[in-house]
Amino acid sequence: MVKLISMCVLLSTAIFAPAQSISHNKVPSVVINQFNVDFPDAKDVDWELDKYKNYHADFEKERGKDLDAWYSPEGVLVKVKEEIAKKDLPIAVANAILK
């Protein structure tokens, strides 16, 4: 029974493993170059390689705004996520959330 539980935990960890942190020098130059064009004022950049083999940059912009950007290995911007304070939401969005 213990072996079965251990095996299940091991398999679930492998399947649902988070992105792997990587150093800046392991990110392809085409990705770094495009990131620098897209976000020239980025600070405190941390890189990860996700399970889809996209490069994920977690960083800050002006005034401490947290952003995330995902790039394909070819340097194509795939997705951007920006945290927005509740007070900065557009009125229509805030009203839709309240419903």
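Residues numbered from 1 in each chain as written. Predicted model: local features only at pLDDT ≥ 70, side-chain atom pairs only at ≥ 80, totals over all residues. Heavy atoms only, no water.

For the rest of this paragraph, the subject is the environment of F39. Mapped onto the fold, F39 is located in the loop between α2 (29-38) and β2 (43-49). Classification of F39 as buried rests on a relative accessible area of 9%. C-alpha separation for the pair F39 and F59, spaced 20 residues apart in sequence, amounts to 9.6 Å. Leaving out residues up to four positions away in the same chain, F39 has contacts with F59, L67, A69, Y71 and V80. (Helix = DSSP H or I, 4+ residues; strand = E, 2+ residues; numbered from the N terminus. Buried < 20%, exposed > 50% of the residue type's maximum accessible area, 1.4 Å probe, protein only. Contact = heavy atoms within 4.5 Å.)

Here we come to a negative patch on the surface. The grouping of D44, D46, D58 and E83 at the surface amounts to a negative patch. In this structure, D44 sits in strand β2. (Patch = residues over 30% accessible without salt bridge, like charges linked within 9 Å, V, L, I, M, F, W, Y side chains within 5 Å. Areas by Shrake-Rupley, 256 points an atom, 1.4 Å probe, with all protein chains shown as cover. Salt bridge = Lys/Arg side-chain N within 4 Å of Asp/Glu carboxyl O. Lys, Arg positive; Asp, Glu negative; His and termini not counted. Charge placed at Lys NZ, Arg CZ, Asp CG, Glu CD.)

As a further point, take the confidence of the model for the protein chain. Residues of the protein chain with pLDDT of at least 70 account for 82%, and the chain-wide mean is 85. Of all the helices and strands in the protein chain, helix α1 (residues 2-15) carries the lowest mean pLDDT, 43, while α2 carries the highest, 98. Counting interchain partners and residues more than four positions distant, the pLDDT-below-50 stretch residues 1-16 has zero contacts. (pLDDT = per-residue confidence, 0-100.)

Bringing the sheet that holds strand β5 (residues 77-82) into the picture now. Where strands meet in a sheet, backbone hydrogen bonds hold them as pairs that are either parallel or antiparallel. The strand order across the open sheet formed by five strands is β1-β2-β3-β4-β5, and the pairing between neighbours is antiparallel. This sheet does not close on itself; its edge strands, each paired only once, are β1 (20-22) and β5. Recorded for the sheet is a direction-independent mean angle of 25° between the axes of neighbouring strands. Inspection of the sheet shows strand β3 (residues 55-60) paired to strand β4 (residues 66-71) by six bridges, in the antiparallel sense. If you follow Y55 over to β4, its bridge partner there is Y71. (Pairing = 2+ DSSP bridges. Axes fitted to C-alpha atoms, helices over the stretch in contact; angles between N-to-C directions.)

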